[in-house]
Structure formats: C-alpha cells, structure tokens
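Structural overview for review
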Amino acid sequence: MRQVADWRASTLYSAAERVALEYAERMTITGQRVDDALFDQLRLHFDEAQIVELTAAVALENFRSKFNVPLHVEAQGFCIVPQRGS
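My aim in this report is to walk through the structure given alongside it, one point at a time. (Residues numbered from 1 in each chain as written. Predicted model: local features only at pLDDT ≥ 70, side-chain atom pairs only at ≥ 80, totals over all residues. Heavy atoms only, no water.)

Quick notes on the packing of aromatic side chains
- Taken as a whole and judged by the stated rule, the model has two aromatic pairs.
- Relative to Phe39, the ring of Tyr23 has its centre 6.5 Å away and its plane inclined at 70°; by these criteria the two rings are edge-to-face. Note that Tyr23 is positioned in helix H1 (residues 15–28) and Phe39 in helix H2 (residues 36–45), a separation of 16 residues in sequence.
- Residue Phe39 is classed as partly exposed on the basis of its relative accessible area of 24%.
- Between Phe63 and Phe67, the ring centres sit 5.4 Å apart and the planes meet at 25°, which makes this aromatic pair stacked. Of the two residues, Phe63 and Phe67 are both situated in helix H3 (residues 48–68); the distance of four residues between them amounts to about one turn of the helix. (Phe/Tyr/Trp six-rings, centres within 6.5 Å; stacked < 30°, edge-to-face > 60°. Helix = DSSP H or I, 4+ residues; strand = E, 2+ residues; numbered from the N terminus. Buried < 20%, exposed > 50% of the residue type's maximum accessible area, 1.4 Å probe, protein only.)

Here you go:
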C-alpha cells in the first residue's frame, strides 16, 4: 500500500495491476479520459465482467470521496497511506 501513490516507479505491481491503476486514475482525475488504447490494455488482462466490477469499485470510491468530504465524514482509519517522503 505504501507504494500506491508512486505506482509508476514501483516494481511491485504486475502488468494487470498497473493497467488497473492507470484506469482508476483516468476515471478519477478531472480532465483525463479513458481512451480506446487504455481500454484495449484492460481487455488484455480482464474479461468484461471484471472490467465492469473494476469500474464499479472505482466509481464507488469516487462517489464516497465526493460525498464524504463536504459532509466532513472522517476516514475510519482502515487504510492510512503515508504522505510522500515518509
């Protein structure tokens, strides 16, 4: 988990994990797009049901972040990702 924030430079992630992380970032960061090339990469590692499940999981986390922040819902501490440089 400590290397998630720097996944591009990390050697810990498989090709499937890297494409899933790229997909999650592009779904999450405003102004980025999931293009056909990325979707083709997803299809190399995941079947249709897995892509739908991955999409739903990322969308749910994006929903939670948009919902919780303005309502000041605090994290429950299940996953503390250290700040960069820690």
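On we go.
Observations regarding the packing of H1 against H3
- Running from amino to carboxyl end, H1 crosses H3 at an angle of 45°, the nearest separation of the two axes being 10 Å. One finds that H1 runs oblique with respect to H3. As H1 packs across H3, the resulting crossing turns out to be right-handed. Judged by residue contacts, Ala20, Tyr23, Ala24, Met27 and Thr28 of H1 engage Ile51, Leu54, Thr55, Val58, Ala59 and Asn62 from H3.
- Class assignment for the residues of the contact of H1 with H3 results in eight nonpolar, three polar and no charged. (Axes fitted to C-alpha atoms, helices over the stretch in contact; angles between N-to-C directions. Parallel < 35°, antiparallel > 145°, perpendicular 65-115°, else oblique. Left-handed = near helix turned anticlockwise from the far one by under 90°. Contact = heavy atoms within 4.5 Å. Nonpolar A, V, L, I, M, F, W, Y, C, P; charged D, E, K, R; others polar.)

As for the packing of H1 against H2
- Between H1 and H2, whose axes approach to 9 Å, the crossing angle comes to 145°. Regarding H1 and H2, the two cross each other, and that crossing is left-handed. For the pair formed by H1 and H2, the contact residues are Ala15, Ala16, Val19, Glu22, Tyr23 and Arg26 on the first element and Leu38, Phe39, Gln41, Leu42 and His45 on the second.
- Here the residues of the contact of H1 with H2 are counted per class, giving seven nonpolar, two polar and two charged.

Quick notes on the pattern of salt bridges
- As enumerated under the stated definition, the model contains six salt bridges in all.
- The residue Arg8 makes a salt bridge to Glu22 at a minimum N-O spacing of 2.7 Å. In this pair, Arg8 is assigned in the segment before H1 and Glu22 in helix H1, connecting sequence segments 14 residues apart.
- For Arg26, the salt bridge goes to Asp35, with nearest N and O atoms at 3.2 Å.
- Take Asp35: its relative accessible area is 34%, and that puts it in the partly exposed class.
- Several salt bridges converge on common partners, so that one network encompasses Arg8, Glu22, Glu25, Arg26 and Asp35. (Salt bridge = Lys/Arg side-chain N within 4 Å of Asp/Glu carboxyl O.)

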